[in-house]
Amino acid sequence: QEEMLRMKFRDITHPDDLDSSINFLRKMLAGEITTFQIETRYLHKNGMVVWVQLFSTLVRDDHNQPLYFILQIQDTAQRKQSEAELVEHNKQLTTLNRLGQELTRLVKPEEVLELVFTTVGEIFDNRNLYIALYDEHKQEITFPIYTIEGKRRDEVVQHTKERILGIAEGELSPGEDASFVSF
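Residues numbered from 1 in each chain as written. Predicted model: local features only at pLDDT ≥ 70, side-chain atom pairs only at ≥ 80, totals over all residues. Heavy atoms only, no water.

Caption draft 1: Representation of the pairing of strand E1 (residues 35–43) in the model. In this sheet, strand E2 (residues 49–60) lies alongside E1 in antiparallel orientation, the contact comprising nine bridges. For Tyr42, the partnering residue across the bridge sits in E2 and is Val50. From the end of E1 to the start of E2, which pair antiparallel, there are five residues, and Gly47 there has a positive phi angle of about 95°. (Pairing = 2+ DSSP bridges. Helix = DSSP H or I, 4+ residues; strand = E, 2+ residues; numbered from the N terminus.)

Caption draft 2: Fine view of the side chain of Asp17. Take Asp17: it is sitting in the loop between helix H2 (9–12) and helix H3 (18–29). Overall, Asp17 belongs to the buried group, its relative accessible area being 11%. Of the polar contacts made by the side chain of Asp17, one reaches the side chain of Thr40; its length is 3.2 Å. Leave out the neighbours within four places in its chain, and Asp17 touches Thr40 and Arg41. (Buried < 20%, exposed > 50% of the residue type's maximum accessible area, 1.4 Å probe, protein only. Polar contact = N/O pair within 3.5 Å; in protein donor to acceptor, adjacent residues only side chain to side chain. Contact = heavy atoms within 4.5 Å.)

Caption draft 3: The arrangement of the confidence of the model for the protein in detail. Summary statistics for the protein give a mean pLDDT of 76 and a share of 72% for residues scoring 70 or more. Here residues 154–167 is a poorly scored stretch, pLDDT under 50, and it has 41 contacts once near neighbours within four places are set aside; other chains count. Scored below 50 in pLDDT, residues 172–183 makes 18 contacts in the model with residues more than four places away or belonging to other chains. (pLDDT = per-residue confidence, 0-100.)

Caption draft 4: Examining the pattern of salt bridges more closely. Evaluated as defined, the whole model comprises five salt bridges. Linking Lys80 and Glu39 is a salt bridge whose minimum nitrogen-to-oxygen distance equals 3.5 Å. Linking Lys80 in helix H4 (residues 77–103) with Glu39 in strand E1, this pair joins segments that are 41 residues apart in sequence. Owing to a relative accessible area of 32%, Glu39 belongs among the partly exposed residues under this scheme. Beyond isolated ion pairs, a larger network of salt bridges with shared partners links Glu39, Arg79, Lys80 and Glu83. (Salt bridge = Lys/Arg side-chain N within 4 Å of Asp/Glu carboxyl O.)

Right, here's the structure in full:
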């Protein structure tokens, strides 16, 4: 508390927000406004940025001279986090909606696979995502490999006899599994 009382608001206000805060204080002192409310950032002593909602009023004496400011500061970090999560969730829903619309026009399984992989990559980290195509006639699984940017990089074909997924390690020929899981 002692440390805080020795500090000026300039010491704790984020540098990018300092000018707007000073501007509001000047307007209050000049009598142009009586109160203000802004969302601003403060700096914690550990260097972390803290988002706050700041409400300020200037108290004046009987001769209309400034006496002191009354401030109410509300930590809005949780609300900011919730807003960011909501924006991300809406982005995901929009992307999935677009996927659903685009899937209706595709015919080839390879096109569907590429669209699904690319779209999933927009929502999630797809570095460890593998989607397989199974050709029942040829008895083979194809694993198209994509880069993080969603561009097709390689393709691995795994021939099967009875099992499609969950092939035991002993049944894979050397290098077949490593060729698609190590990217």
